[in-house]
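# Report on the structure
This is what each chain is made of:
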Amino acid sequence: MAMTLERLLHTQGFGSRKECRALVRQGRVTVGGRPCADPFVECAPEGLAFSVDGEAWRWRERVYLAMHKPAGHECSRKPLHHPSVFGLLPPPLITRGAQPVGRLDEDTTGLLLFSDDGQFIHALTSPKRRVAKVYRVTLRHPADDALMAALLAGVELRDDPEPVAATACERIDERDLRLTLTGGRYHQVKRMVAAAGNRVGPCTARRWAAMSCRTTCRRGPGRGSRRATCWAERAARGPRGVNPRTAAGGLVERTWSATNA
């Protein structure tokens with residue numbers, strides 16, 4: 001279904017309808033590689049390539065974003081002690097309402113998904129869906145059989161009436177575990193490992209559903225730049241994409257750093 005160029009830009013997060021009209025009339029927008037000065041020209045949005053101020057974009061009904069989150073950033077629009085991960089996103093994605101799919105602590109690095117698709121976010125984060133999250137955890141002290149048994153049997157956390165257990169726990173080497181959880185409690189990995197008698201050290205992010213940081217994100221040139229965490233827009237299709245209808249059945253793997261462990 002065709003829509004005017006000003007409306008198309010508005011749906012993609014480039015401002016109000018009035019602001020989008022101004023962008024077009026100021027000659028800052030190209031469509032299909034050609035300058036366009038008419039904000040009321042009709043465009044077929046599906047697959048449309050356009051640019052604003054020289055930056056290329058493609059129309060997306062919904063946005064699905066993969067970020068390699070650096071340490072020292074909070075997953076909040078109103079951060080308290082550290083910069084927000086939203087400061088690492090292009091402004092149009094913030095304007096159109098992209099939100100983190102779950103949260104990572106400020107000292108945690110690794111794969112973090114964003115979307116403006118409420119059903120997609122709910123499918124991955126709802127406790128009823130019991131989406132398995134796989135963490136590769138490096139411990140401060142060697143992992144023994146007692147630690148493994150405690151994590152699998154369940155440990156007591158202050159805010160839970162029942163013991164909280166890992167779905168699976170695999171020892172990779174002396175200090176590294178692959179821990180599978182289906183909950184989403186506050187500082188869950190750190191608290192479970194501490195309750196079992198150890199401490200969390202640095203970890204490496206691996207995978208969320210069919211995506212991994214290696215295939216989905218490329219690192220930027222420096223920690224201080226906008227691309228210190230690189231972002232890659234992915235449609236909900238293709239072998240490396242995330243399908244909202246099936247992603248809830250996938251596995252999620254994140255990174256835990258030792259900064260404040």
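It should be noted that the structure appears before, not after, this text.
Notes on the structure in this doc start here.

Calculation notes
Residues numbered from 1 in each chain as written. Predicted model: local features only at pLDDT ≥ 70, side-chain atom pairs only at ≥ 80, totals over all residues. Heavy atoms only, no water. Helix = DSSP H or I, 4+ residues; strand = E, 2+ residues; numbered from the N terminus. Buried < 20%, exposed > 50% of the residue type's maximum accessible area, 1.4 Å probe, protein only. Contact = heavy atoms within 4.5 Å. Areas by Shrake-Rupley, 256 points an atom, 1.4 Å probe, with all protein chains shown as cover. Pairing = 2+ DSSP bridges. Arc of directions from axis to C-beta. Salt bridge = Lys/Arg side-chain N within 4 Å of Asp/Glu carboxyl O.

What follows is about the overall build of the protein chain. Each helix and strand counted, the protein chain has seven helices and 16 strands in total. The buried share of the protein chain, taken over its 261 residues, is 49%. Long-range contacts, defined here as pairs at least 24 residues apart, represent 65% of the contacts in the protein chain between residues at least 6 apart. Counting only carbon and sulfur atoms, one obtains 49% of the accessible surface of the protein chain, whose full area is about 13700 Å².

Moving on, we come to unusual backbone geometry. Backbone geometry places Asp53, a non-glycine residue, at a positive phi of 55°. Looking at where Asp53 falls in the secondary structure, it is placed in the loop between strand 5 (49–52) and strand 6 (55–58).

Every regular strand shows the same layout, with side chains that alternate between the two sheet faces. Note: strand 5 against strand 6, four bridges, orientation antiparallel. By the bridge assignment, Phe50 is partnered in strand 6 with Trp57. Connecting strand 5 to the antiparallel partner strand 6 that follows it, the hairpin turn spans two residues, and Asp53 within it adopts a positive phi of roughly 55°.

This next bit is on the environment of His122. Inspection of the secondary structure assignment puts His122 in helix 4 (residues 118–125). Taking the C-alpha atoms as reference points, His122 and Val101, separated by 21 residues in sequence, lie 8.5 Å from one another.

Attention now goes to helix 5 (residues 145–153). Buried within helix 5 we find Leu147, Met148 and Leu151. Around the axis of helix 5, the buried residues are gathered within 100° of arc, so they sit on the same side. The exposed residues of helix 5 that point more than 90 degrees off its buried face are Asp145, Ala146 and Ala153. The inward-facing, buried residues of helix 5 abut strand 11 (168–171), strand 12 (176–181) and helix 6 (188–195).

As a further point, take the sheet that holds strand 3 (residues 34–35). The four strands are arranged 3-2-5-6 in an open sheet whose pairing can be described as antiparallel. With partners counted over all chains shown, the strands left at the sheet margins are strand 3 and strand 6, one partner each. Sheet analysis places strand 2 (residues 29–31) next to strand 5, joined by three bridges and oriented antiparallel. Across the sheet, Thr30 pairs through a bridge with Ser51, a residue of strand 5.

Our next topic: the pattern of salt bridges. Counting across every chain of the model gives six salt bridges. Arg28 serves as the salt-bridge partner of Asp53, at 2.8 Å between the closest nitrogen and oxygen. You can see Asp53 sitting in the loop between strand 5 and strand 6 and its partner Arg28 sitting in the loop between helix 2 (17–25) and strand 2, a full 25 residues away along the chain. For Asp53, a relative accessible area of 51% puts it in the exposed group. Residue Arg178 pairs with Glu170 through a salt bridge whose shortest N-O separation is 2.9 Å. You can call Glu170 partly exposed: its relative accessible area is 42%. One connected set of salt bridges, linked through shared partners, spans Glu6, Arg17 and Arg21.

Limitation: the analysis is restricted to geometry and does not speak to function.
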